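# Overview (structure and organization)
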Amino acid sequence: MISHLRAPGWYRATFWTLVSLGLSWAILWAANGFDADAVTGIGFAQVALLAFPLFFLGGLGAFDYWFYWASGRPTRPEDHSGHGATSWQDYFRINTDHKVIGIQYVVTSFFFMFVGGLMAMLMRAELAAPGRQFVDPGAFNGLFSVHASVLIFLFIIPVFAGLANYVLPLMIGAPDMAFPRLNAVSFWLLPCAGVIMMLSFFAPGGSFASGWTAYAPLSVTAPPGQICFTIGVQFAGASSIATALNFLVTIITMRAPGMSFFRMPLLVWANFSTSLLVVIATPFVAASQLFVLLDRALGFNFFNAAAGGDVLMYQHVFWFYSHPAVYIMMLPGFGIISEILAVKSRKPVFGYRMMAFSLLAIVVLGFAVWAHHMFVSGMQSWIRVPMMVTTAVIAVPTGIKIFSWLATMWRGVLKLDTPMLFALGFLTMFVLGGISGVMLAMIPFDIYVSDTYFIVAHIHYVLFGGSLFTIFAGVYYWFPKMTGRMYNEKLGKLHFWMTFVFFNITFAPMHLLGLQGMPRRVADYSEQFATWNMIISVASFALGLSSLIFLYNMVASWRGGKRAPANPWNALTLEWQVSSPPPIFNFDHIPTVVGGPYEYGVPGAVHGVFESPATASAEARQPAGAVSSTAKE
Amino acid sequence: MEAASVHHHGPPAANRSSRVHPALLGMLLFIISEVMVFGAFFTAYFFIRVVVENAHWFPIDGVDLPVGVASVNTAILLSSSLTLHWAQTSIKNGNHTGLKVGMLLTFLLGATFLFVQVNEYIVLTGEGITPQSSAQGSVFFALTGLHGAHVAVGLTLLAIVTLRSFRGHYTPEEHDGVEVPGIYWHFVDIMWVVVFTTVYIL
Amino acid sequence: MGEETVSEQAPAREQADPRRDRPVHVWTLVAIGLVATAIGIALGFAIDWFPVRGSTQADDIDTVYHVLVVASVPFFVLVTVITLYCVWQFRERPGEEGLDGPSIHGNTGLEIVWTTIPAILLIGLCTYAYVTLTNVEEAPAAGAPKELRVDVTGQQFAWTFAYRGLDGKPVKSAELVLPKDRSVKFQIRTLDVLHDFWVPEFRMKIDAVPGITTSYRITPSKLGSWSVVCAELCGVGHALMRQKVTVVTPERFDAWIRRKQAGGMAATGAAGGGGAADATDQAAIGKTLFAEGNGEATACGACHTLSDAGTSGATGPNLDEVLKGWTPAQIAEAIENPNKDVAKGYTEGIMPANYGDTLTKQELAALVAYLEKTAAK
Ligand code: HEA
Ligand code: HEA
Ligand code: CUA
Ligand SMILES: [Cu+2]
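Because the structure is predicted, anything quoted here is derived from the model rather than measured.

This brings us to the sheet that holds strand β3 (residues 171-173) of chain C. All names here are of chain C. Here we have five strands laid out as an open sheet, ordered β3-β2-β1-β5-β8, and mixed in their pairing. Whereas interior strands pair on both sides, the edge strands pair on one side only; in this sheet they are β3 and β8 (214-218). Shown here is a sheet whose adjacent strand axes are inclined to one another by a mean of 20°, direction ignored. Where strand β5 (residues 184-190) lies against β8, five bridges are found, and the strand directions are antiparallel. Looking at β8, one finds that Val 184 is bridged to Ile 218.

As structure tokens, then:
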């Protein structure tokens, strides 16, 4: 038993978690002048929620190596015992293998997709008819708040990090990420954040219910469940900052020889851009929630207008993160689409350099548009017009990407399998969502539709039709690489068509509801909106069922699908040049990159060569020169 | 253990595609995100000091910030950057005594800074300026407190380095353990200059 | 590994030539695109989804929508038509497995075109939106009837309105009544969290923000009766934070104001007198409080219907019906501790729980007395 408690693992994690609870209580007890009666349940919850994830991670063994290193004790020799997975249990411990972490990420975040989706189902059941069905208005507010927070912070953002975790090091010819231990910490923070958010359902007064935007001062005065959002976001944010930092260092310092920035696959570019956004923007959401926490827990006055506080400051700080966050939720998807469209059209990506530059342009512009969420907030009115212009201008680099993808398909040989179908679905649906975004950017129109279902329609066209379609595309595309099995193509196509059709029936009418004047975030609405809401609810249930097809396909194919060859799509990028799944250390020798990643249709084109380093460097120059000369013609 | 490390089949060494050391780059990026955390706090500060209707800043109810004490404290913190630099140069030249004395001085100067600041908090609280009394108090304590927390973290790192240097660790070839916390400490110092200028002087 | 890929591709490329001769139906594409665009725009215009255009501002804003439809439908059609065309013409046919497309890497001319056209269009749209914005926020021209000023105060979960700058004394009300064709400027405040003052038929909206006063103006252009909607999440009662707005002719508006001023006068006089107010005065104070609130306490009529006070709120129970047979103590309890015994079919936490603080002892007594007299009998 004692040895169990000393060795890193679940026993020690449980033990340390308990210790953290005791410690939290003791701290409060001491802070209250050793008066046990003065320790409140809420105070305890606040301290314990902040402390337990760190202790849990420590118990699991996330920090062992660093403790040894910092104290100058000899670190254990690198026997790679924390690397790779041989059984399912290996997925439940601190693992430093980016491939294992990638799968941990993807599976965990899909779990949260079903949790968030289930809440959407409950919401739609309530909204099927006017009046009260089965949840009261308070519970309804809780449902959409948790729905959105879970899907944004625990699904879309981490699932992209997970997919990239798996394929990005392979794509750039690196044996792992730059900081494998930090990578493990990033992942394990995520279930902690998830547990915290779910705990809010058990809080007195119900789950947090002030929307995923948690505007002050409502979030300051809301029942205690609110702190689960406030604190959960801190951990989710810390996780994504650590991952982003890891990606940036990996991309900058660990590319294979010959892989210049302009030979990187666009997925790598996309994650590079996203990571810049994360590192710069995410601290703002952490701070915004810290302010709320200080106001709530210690009686600070950031948002107390009577004491000189500023309520609108919350929105500025929040959106300075959360607008970039919508691109954090889209740019990695752009990367996935570039990979898939090139391979499935058998053509090089059209205008590769502009594709990379437009990503950077979106990053830069993305920091200058936050106040378009605040056109009706009562902020200084002069800010609105500059923000409208920058917002509109973002459509230009995005348009460049859309048109380049169209040109990539033009005259190609299109293979219409499941990943490609989702990519095409993305292309059309995202444009629709983007266009409604540009309409929203026009202040007079936004003044009318802001806070209506028109916004809800926009949200889902960009996040579901945009991000989620790219996620589905990416998961199908790399499924053979990640599992060594092929997915079932028939079920995949069925999934696509059901999703595509019911997605549109669910969310398109929301535009109309918004124009008719139905406000968002309401559990009850007037009679005139009843018909459309019923249609939407029925369609949304079918949309929910379609995700069960996906679930079945993934589980069944992973267990019993056809064995996947190393390169089923006949792709050039490096991850397809190794076995499926890749060997434990990715490569026996680091490959040498000798050409662009998408030279489809170029005779004799190769992206990387796999010889031992000595011979490769001598011979590499030959084909590289040959490729670039053909490329020019 | 020995045997394992001889026979183990590890990953191929990654290609170094940049001259920048990964740990250094990581630290730099971490500092960028730290700067943004401070950025958010400064945003709060400027909103409450400048933007909000009827905004005003210290003196509040006749209580002003102790600029004099804070200036001296600034000097103390800045000089700790110098002693740290001295310690780092010493170890590069193999001068272990220089490292030890330098680290000890740095640690003590840092601790003094924190002590003076806590004292300042106590004085202000006694005069009725608290985070709870007004929004101005809130951002003052939040901003300087955020910095103070960074000093505390930095001091912990310095304490580890100091202890290890007294145990004879680090060599002219192997002193990342001094360099990386050092970058953090310099950052904490520079950040203070910004905080001090905006909060006390402007 | 790489070598293998090459040897697979080499023979495939030779078959690519027949495919290259396949015609590209550019004109068919253009024609389909134009037809689809026309249909899309026609749909956007023909179906009028908007609620009634109840203000002059609404006309401008709906026009913005129509312009945006015209500007953006072509782009959606373009993307969709090209995608579908690629699927139809360029999909992999049997026998084309392993075939590659031509290795086109880019085309500078095209890239310039699809960067500049959207850019120019968007700048144009922004300019137009800017002009419209100035129009809808503009003060009324000289010579127009004097602008009406209404203070709007939001509280969880009701609005109260106060008319300022009238001839005679200010008027408070739980119901919004506006004259047609006269510009109104709303000045919006909140007593607690964020709310948002919105009448869909007028199109304009703005948040009520703690600590500041926000504002907008509209000129009602149609007679009718609609809902004031709270559009910013403000807590459990957010969905129920609805009240009535009525646009009437200027003559009827003036009459309404005069009636209000007359009714309010008596009440204020009595309250000013203080001390031993007799029963009639008590009732008058109670009625005023019910219909107008006292500035800090939200008017009961914002949520409750009571015919004697002329209110028609629908958020809470209809007091004409439910109060039959209640004792003064019961009524007082329902006002001071609304969450203790929640009426069936209603949610806890909607009726403000702070009347014990915002109403003075006398006011409370007057309110109870009034309700006892008019509704409980
Ligand atoms: C993945 C997430 C994502 C993405 C990518 C976007 C992209 C965009 N969004 Fe969206 N947005 C959200 C997620 C996202 N949004 C969410 C979640 C909210 C609500 C938050 C809340 O309140 O809860 C929101 C809200 C929101 C608002 C605030 C509305 C309000 O609350 O009042 C605005 C206003 O300007 C806006 C604008 C835009 C614009 C201009 C883009 C642009 O980036 C789109 C650019 C793309 C295109 C335009 C399509 C392709 C381009 C072409 C084919 C070229 C030619 C096109 C034209 C000339 C039109 N969004
Ligand atoms: C990535 C983001 C994402 C995704 C994927 C979704 C997916 C869905 N969303 Fe959500 N949504 C948001 C992000 C997202 N949403 C955001 C940011 C908001 C704003 C919140 C706010 O105002 O603060 C919002 C708000 C929002 C609202 C408005 C609430 C309101 O303002 O009152 C509605 C209403 O219909 C809605 C519905 C749906 C539906 C039906 C789905 C469906 O697509 C879900 C489909 C998926 C599943 C259903 C999977 C689970 C399936 C099962 C568990 C099997 C069981 C199946 C059956 C019982 C049939 N969402
Ligand atoms: Cu008031 Cu919503
Ligand atoms: Cu935005």
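Anyway, onward from the coordinates.
Here we come to the site of ligand 1. Residue and element names in this part refer to chain A. With respect to spatial proximity, 31 residues lie near ligand 1, and among them Trp 212, Tyr 327, Asp 446, Ser 450 and His 458 are the closest. Taking Trp 212, its side chain carries an N or O atom lying 2.8 Å from an oxygen atom of ligand 1. Side-chain polar atom of His 372 to an oxygen atom of ligand 1: 3.5 Å apart, as the coordinates give it. At the level of secondary structure, the elements contributing two or more residues to the shell around ligand 1 comprise α11 (311-328), α14 (384-409), α15 (418-441) and α17 (453-483). For the shell around ligand 1, the leading source of residues is α14, giving seven residues. Taken together, the residues of the shell around ligand 1 sort by class into 19 nonpolar, ten polar and two charged.

Turning to the coordination of the iron atom of ligand 1, a few remarks are in order. Residues and elements named next belong to chain A. Just one protein atom donates to the iron atom of ligand 1; it is His 458 (NE2), sitting 2.2 Å from the metal. Here the copper ion (ligand 4) and the iron atom of ligand 1 are spaced 4.5 Å from one another. Inspection of the secondary structure puts His 458 in helix α17.

All names here are of chain C. According to the domain assignment, chain C consists of domain 1 (23-90 + 106-136), domain 2 (148-255) and domain 3 (259-375). A separation of 35 Å is found between the C-alpha centroids of domain 1 and domain 2. Taken together, the contact between domain 1 and domain 2 spans twelve residues of the former and twelve residues of the latter. When the area that domain 1 buries against domain 2 is broken down by residue, the three leading residues are Val 52, Gly 54 and Gln 57, summing to 41%. Scanning the region where domain 1 abuts domain 2 turns up one salt bridge. Measuring nitrogen to oxygen at the nearest pair gives 2.9 Å for the salt bridge that ties Arg 203 to Asp 62. Inspection of the region where domain 1 meets domain 2 yields eleven residue pairs in polar contact (both at pLDDT 80 or more). Among the elements that make up the side of domain 1 that touches domain 2, the one with the highest residue count is helix α3 (residues 56-90) (five residues). In terms of residue class, the side of domain 1 that touches domain 2 is made up of six nonpolar, four polar and two charged.

Our focus in this paragraph is the site of ligand 2. All names here are of chain A. Near ligand 2 you find 35 residues, and of these Arg 124, His 147, His 460, Arg 520 and Arg 521 are the closest. The side chain of His 147 places a nitrogen or oxygen atom 2.9 Å from a nitrogen atom of ligand 2. Looking at the shell around ligand 2, the elements that each hand over two or more residues are α5 (98-127), α6 (137-171), α17, α18 (489-516) and α19 (530-560). Grouping the amino acids of the shell around ligand 2 by side-chain chemistry returns 25 nonpolar, seven polar and three charged. Domain assignment of the residues forming the shell around ligand 2 places at least three in each of domain 2 (88-272 + 291-308) and domain 3 (330-524).

All names here are of chain A. Where nonpolar side chains cluster on the molecular surface, the patch consists of Val 195, Leu 199, Phe 201 and Phe 202 and spans about 400 Å² of accessible area. Within the secondary structure, Val 195 is located in helix α7 (residues 180-199). Under the relative-accessibility criterion, Val 195 is labelled partly exposed at 42%.

Turning our attention to the interface of chain A and chain C. In this assembly, 92 residues from chain A lie in contact with 88 residues from chain C. Regarding the contact of chain A and chain C, the summed buried area is about 7,800 Å², with carbon and sulfur atoms giving 72% of it. Among the salt bridges present, the one from Lys 415 of chain A reaches Glu 92 of chain C, with a minimum N-O distance of 3.8 Å. For the pair chain A and chain C, the interface holds 13 residue pairs in polar contact (both at pLDDT 80 or more).

So, how was this worked out
- Residues numbered from 1 in each chain as written.
- Chains lettered and ligands numbered in written order.
- Predicted model: local features only at pLDDT ≥ 70, side-chain atom pairs only at ≥ 80, totals over all residues.
- Heavy atoms only, no water.
- Pairing = 2+ DSSP bridges.
- Helix = DSSP H or I, 4+ residues; strand = E, 2+ residues; numbered from the N terminus.
- Axes fitted to C-alpha atoms, helices over the stretch in contact; angles between N-to-C directions.
- Near = heavy atom within 4 Å.
- Polar contact = N/O pair within 3.5 Å; in protein donor to acceptor, adjacent residues only side chain to side chain.
- Nonpolar A, V, L, I, M, F, W, Y, C, P; charged D, E, K, R; others polar.
- Donors = N, O, S within 2.8 Å, 3.2 Å for Na, K, Ca; no water.
- Domains from an automatic or database assignment.
- Contact = heavy atoms within 4.5 Å.
- Buried area = accessible area lost by both parts, 1.4 Å probe.
- Salt bridge = Lys/Arg side-chain N within 4 Å of Asp/Glu carboxyl O.
- Patch = residues over 30% accessible without salt bridge, like charges linked within 9 Å, V, L, I, M, F, W, Y side chains within 5 Å.
- Areas by Shrake-Rupley, 256 points an atom, 1.4 Å probe, with all protein chains shown as cover.
- Buried < 20%, exposed > 50% of the residue type's maximum accessible area, 1.4 Å probe, protein only.

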